[in-house]
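Spelled out from the first residue to the last, the chains are:
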Amino acid sequence: MSEHAIEFLRGWIGEKVQCQHSPIQIEQAETLAKECCAKAAEAGILLEDIQEEVGDIQELIASRLEEAAEEGNSETKPDTPAE
């Protein structure tokens, strides 16, 4: 994958994939994947270039959403129980 495509994907995911306090839904990942594909096309990046490196974009975004949710949960929970 071209360096331009890698930079685009990293930046886009970093901007759009944030911790959600509601359960992760497949529709959310699907919507974000479609938006990512559209923005990549606007930037002149072929979908095939991205998929060659990361595979299914929707699956990648879903996993990033799950990671962000787990990080968000661990940040909101104290390390030690309250007394």
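Computed from a prediction, not measured in an experiment: that's the story for all the values here.

### Considerations on the nonpolar core
- Among the nonpolar cores identified, the biggest contains 17 residues, and Phe 8, Trp 12, Cys 36, Ile 50 and Ile 61 are the most heavily contacted of them.
- Setting aside residues no more than four positions away along its own chain, Trp 12 makes contact with Val 17, Leu 32, Glu 35, Cys 36, Lys 39 and Ile 61.

### Details of the pattern of salt bridges
- Under the defined criterion, the tally for this structure stands at three salt bridges.
- Ionic pairing is found between Glu 30 and Lys 34, a salt bridge with its closest N-O pair at 3.4 Å. Highlighted residues: Glu 30 and Lys 34, both in helix α2 (residues 26–42), separated by four residues, approximately one helical turn.
- A relative accessible area of 55% places Lys 34 in the exposed class.
- Its salt-bridge partner being Arg 64, residue Glu 67 comes within 3.9 Å of it at the nearest N-O pair. With Glu 67 and Arg 64 both in helix α4 (residues 57–76), this residue pair falls three residues apart, about one helical turn.
- Given the relative accessible area of 36%, Glu 67 is considered partly exposed.

### What to know about α2
- In a regular helix each residue adds 1.5 Å, so 17 residues correspond to 24 Å; α2 covers 24 Å between its end C-alpha atoms and thus fits that length.
- For α2, every residue scored as buried is listed here: Ala 29, Leu 32, Ala 33, Cys 36 and Ala 40. In a view along the axis of α2, the buried residues occupy a sector of 105°, so they form one face of it. Away from its buried face by more than 90 degrees, α2 exposes Lys 34, Ala 41 and Glu 42.
- Note on α2: the residue one or two positions beyond its end, Gly 44, has a positive phi of about 80°.

### Description of the state of the cysteines
- Considering all chains together, one arrives at zero disulfides under this definition.
- Looking at Cys 36, it has no disulfide partner, and the nearest cysteine sulfur is the one in Cys 37, 5.7 Å off.

Criteria and thresholds
Residues numbered from 1 in each chain as written. Predicted model: local features only at pLDDT ≥ 70, side-chain atom pairs only at ≥ 80, totals over all residues. Heavy atoms only, no water. Core = buried A, V, L, I, M, F, W, Y, C linked by side-chain atoms within 4.5 Å. Buried < 20%, exposed > 50% of the residue type's maximum accessible area, 1.4 Å probe, protein only. Contact = heavy atoms within 4.5 Å. Salt bridge = Lys/Arg side-chain N within 4 Å of Asp/Glu carboxyl O. Helix = DSSP H or I, 4+ residues; strand = E, 2+ residues; numbered from the N terminus. Expected span 1.5 Å × (residues − 1). Arc of directions from axis to C-beta. Disulfide = S-S within 2.5 Å.

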